[in-house]
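Each chain is listed here by its residues.
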Amino acid sequence: VSAALKQGQVTPTELCQRCLSLIKKTRFLNAYITVSEEVALKQAEESEKRYKKGHSLGDLDGIPVAVKDNFSTSGIETTCASNMLKGYVPPYNATVVQKLLDQGALLMGKTNLDEFAMGSGSTDGIFGPVKNPWSYSKQYREKRKQNSHSENEDSNWLITGGSSGGSAAAVSAFTCFAALGSDTGGSTRNPAAHCGVVGLKPSYGLVSRHGLIPLVNSMDVPGILTRCVDDAATVLGILAGHDPKDSTTIQDPVKPFTLPSLTDVSKLCIGIPKEYLTPELSSEVQSLWSKAANLFESEGAKVIEVSLPHTSYSIVCYHVLCTSEVASNMARFDGLEYGHRCDNDVSTEAMYAATRREGFNDVVRGRILSGNFFLLKENYENYFVKAQKVRRLIANDFVNVFNSGVDVLLTPTTLSEAVPYTEFIKEDNRTRSAQDDIFTQAVNMAGLPAVSVPMALSSQGLPVGLQFIGRAFCDQQLLTVAKWFEKQVQFPVIQLQELMDDCSSVFENEKLASISLK
């Protein structure tokens, strides 16, 4: 679409209006919390002036993007899908948001999530759950008819995964071309797998966290959701680099992330972690995982089984570290400086307590309680310090595997394809998160780059994604392998026929429609 803008086949304003129209048509997906229509149209106007003068800012100039609602956006409400921040308007932009805007991107709006990004379904925010666009795809509906499902279609919609489900749905439904998510334990890769898009978690320290409202400082990474690997690399190239406002970002200059076309994989060594073959893994995902390994092998790559022996401890270790940092981070929401404040004025303590009870949902309160328990003086050594030691062992497992000559690890992203909302809510949030992030959490604890790439449709007609994990700061190598894989598997485009028929007037320019839908 960038090429179409440069060649004048479409203007930034036309493109912006088409995406805004699609956002309105797909409002029932609940992907967006705030649609910044006026802002986007003004940005499109500015972009158009630049194109007319031949002064385009680059590949992102005039491109519609969306941002998860836990990134600060100057002058635009930022809620984290919580009553605690309802009505909060930040006075500044997150570094990653500013970098996108500096490149001429059009901000379409802020996307829905689990409250404070705590969840794996995008079902626990105050604005209601996000619906997976694939619930309405021709591929899924035809399979349902074949299996003679006669239940009410409307009540049987599928979850997007989470917590960046709004961003994944926004990209999947063509309402934008790239979106920012956040990834603390899989929150970008999980919904990417369920929504049939590419979800990249960069190396920790490569991309600035300044302005990302923190969940777990030592694991949070801004994530990127796009419809192809090349696009993810383009966005990463813009976002990566040192930020004086984030001391955890690397000092070294970042090379551009243009991906070479890999034609020969015979020099690659792909590792398959044996511990990831869990009993809960669906037979279909397991079969596609094997197929992917065979694909690399048949093209000459060396595919070996490897061991990450401390994998079984990662879920409990992650829970202790995650809740401990959450307890610390959530202390800032006290009703004094910003956000929600209750009417209770009996005492300062009573005001704190009532504000936090009203502002946070059960999930957030539960994690705060757990974290404070682990941080009690009598528990600190037994829980928090021990979990930090286990975290080091988990990180060392990856170091040992990569030092043995493995270039990239290949694993499932999720246990199964997306499930219906009615099934998903039968389990509590903590159980769901432990199950859903089983293949993704360890990567955050080790600070490594990982990307989920859609591979194929399941027998239900739903996307299944596989995860590639790379060495720290070897994001370019990781994405080069992912791009090769993407080209081999030729994942089908979502067919949102009924939605697109409604939007045919929006896409009256056939050439643009084909660009947008590919």
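Keep in mind it's a predicted model, so treat the numbers as computed, not measured.

## Some points on unusual backbone geometry
(1) Moving on: The linkage connecting glycine 162 with the following residue, serine 163, adopts the cis geometry, with an omega of 10 degrees.
(2) Moving on: Along the chain, the position of serine 163 falls in the loop between helix H5 (138–146) and helix H6 (165–172).
(3) Moving on: One non-glycine residue, cysteine 80, adopts positive backbone phi at about 55 degrees.
(4) Moving on: By secondary structure assignment, the location of cysteine 80 is in the loop between strand E2 (64–68) and helix H4 (95–102).

## Quick notes on the environment of glycine 128
(1) Moving on: Within the element layout of this structure, glycine 128 appears in the loop between strand E3 (106–111) and H5.
(2) Moving on: In this structure, the C-alpha to C-alpha distance between glycine 128 and leucine 308, residues 180 residues apart in sequence, is 38 Å.

## Describing the UniProt feature "domain: Amidase" (unreviewed entry) in the chain
(1) Moving on: If you check UniProt for "domain: Amidase" (unreviewed entry), the listed places come out as residues 25–137 and 158–479 in our numbering.
(2) Moving on: Annotated as 23% helix and 13% strand, the span residues 25–137 places its first and last C-alpha atoms 15 Å apart.

## Comments concerning helix H2 (residues 12–25)
(1) Moving on: Between its first and last C-alpha atoms H2 spans 20 Å; for 14 residues at 1.5 Å apiece the expected length is 20 Å, and the two agree.
(2) Moving on: Looking only at H2, the buried set comprises Pro12, Leu15, Cys16, Arg18, Cys19, Leu20, Leu22 and Ile23.

## Some thoughts on the pattern of salt bridges
(1) Moving on: Inspection of every chain in the model, using the stated rule, returns twelve salt bridges.
(2) Moving on: A salt bridge links lysine 49 to glutamate 46; its shortest N-O distance comes to 3.7 Å. Residue lysine 49 and its partner glutamate 46 are both found in helix H3 (residues 37–53); the two are separated by three residues, about one turn of the helix.

## A short note on the nonpolar core
(1) Moving on: Counting residues in hydrophobic clusters, the biggest one holds 137 residues, and the most contacted among them are Met108, Phe116, Phe296, Phe398, Leu410, Phe468 and Phe485.
(2) Moving on: Counting 14 residues, the second largest nonpolar core, distinct from the first, contains Leu29, Trp157, Ala173 and Phe174.

## Considerations on the sheet that holds strand E11 (residues 463–469)
(1) Moving on: With mixed pairing, eleven strands are arranged side by side in an open sheet as E1-E3-E2-E4-E6-E5-E10-E11-E9-E7-E8. A strand with exactly one partner marks an edge of an open sheet, and here the two such strands are strand E1 (32–35) and strand E8 (302–306). Across the sheet, the axes of successive neighbouring strands diverge by a mean angle of 30 degrees, strand direction being ignored.
(2) Moving on: Packed on one face of the sheet, H4 meets E2, E3, strand E4 (178–183) and strand E6 (221–226) and runs near 165 degrees to E4.

## Examining the side chain of lysine 483
(1) Moving on: Within the secondary structure, lysine 483 is located in helix H17 (residues 475–489).
(2) Moving on: Other than its neighbours up to four places away in sequence, lysine 483 contacts Val229, Asp230, Leu259, Pro260 and Ser261.

## Notes on the packing of aromatic side chains
(1) Moving on: Taken as a whole, this structure holds 17 aromatic pairs when the rule is applied.
(2) Moving on: Seen from their ring centres, phenylalanine 373 and tyrosine 383 are 5.7 Å apart, and the 65 degrees between their planes marks the pair as edge-to-face. Of this pair, phenylalanine 373 sits in helix H12 (residues 362–374) while tyrosine 383 is found in helix H13 (residues 381–403), placing the two residues ten residues apart along the sequence.
(3) Moving on: Given the relative accessible area of 38%, phenylalanine 373 is considered partly exposed.
(4) Moving on: Looking at tyrosine 383, the relative accessible area reads 32%, which means it is partly exposed.
(5) Moving on: Taking the centre distance of 5.0 Å and the plane angle of 35 degrees together, the rings of phenylalanine 374 and tyrosine 383 count as tilted.
(6) Moving on: Taken together, the ring pairs connect Tyr88, Phe116, Phe333, Tyr338 and Phe360 into an aromatic cluster.

## A word on the pairing of E4
(1) Moving on: With respect to burial, E4 is a largely interior element, six of its six residues being buried.
(2) Moving on: What you see with E4 is no split at all: Ala178, Leu180 and Ser182 on one side and Ala179, Gly181 and Asp183 on the other are buried throughout.
(3) Moving on: With three bridges connecting them, E2 and E4 associate as parallel partners. Residue pairing across strands places alanine 66 opposite alanine 179, the latter belonging to E4.
(4) Moving on: As paired strands, E4 and E6 are joined by six bridges and run antiparallel to one another.

## Comments concerning helix H8 (residues 229–239)
(1) Moving on: Among the residues of H8, those classed as buried are Val229, Ala232, Ala233, Val235, Leu236, Ile238 and Leu239.
(2) Moving on: Residues of H8 that are buried make contact with H4, E4, strand E5 (198–201), E6, strand E10 (450–457) and H17.
(3) Moving on: A positive backbone phi angle near 135 degrees is found at glycine 241, which sits one or two residues after H8.

## A word on the packing of H4 against H8
(1) Moving on: Two numbers describe how H4 lies on H8: the axes approach to 9 Å, and their chain directions differ by 110 degrees. One way to sum up the angle between H4 and H8 is to call them roughly perpendicular. On H8, the residues that touch Val96, Lys99 and Leu100 of H4 are Val235, Ile238 and Leu239.
(2) Moving on: Of the residues in the contact of H4 with H8, the class split is five nonpolar, no polar and one charged.

## Observations concerning the packing of H2 against H3
(1) Moving on: For the pair H2 and H3, interaxial distance at closest approach is 8 Å and the crossing angle is 160 degrees. Comparing their axes, H3 and H2 come out roughly antiparallel. In terms of crossing hand, the pair formed by H2 and H3 is right-handed. On the side of H2, the interface is formed by Pro12, Thr13, Cys16, Gln17, Leu20 and Lys24, while H3 contributes Glu37, Ala40, Leu41, Ala44, Glu45, Ser47, Glu48 and Tyr51.

Criteria and thresholds
Residues numbered from 1 in each chain as written. Predicted model: local features only at pLDDT ≥ 70, side-chain atom pairs only at ≥ 80, totals over all residues. Heavy atoms only, no water. Helix = DSSP H or I, 4+ residues; strand = E, 2+ residues; numbered from the N terminus. UniProt positions renumbered as here; feature names shortened; annotations may be inferred. Expected span 1.5 Å × (residues − 1). Buried < 20%, exposed > 50% of the residue type's maximum accessible area, 1.4 Å probe, protein only. Salt bridge = Lys/Arg side-chain N within 4 Å of Asp/Glu carboxyl O. Core = buried A, V, L, I, M, F, W, Y, C linked by side-chain atoms within 4.5 Å. Pairing = 2+ DSSP bridges. Axes fitted to C-alpha atoms, helices over the stretch in contact; angles between N-to-C directions. Contact = heavy atoms within 4.5 Å. Phe/Tyr/Trp six-rings, centres within 6.5 Å; stacked < 30°, edge-to-face > 60°. Parallel < 35°, antiparallel > 145°, perpendicular 65-115°, else oblique. Nonpolar A, V, L, I, M, F, W, Y, C, P; charged D, E, K, R; others polar. Left-handed = near helix turned anticlockwise from the far one by under 90°.

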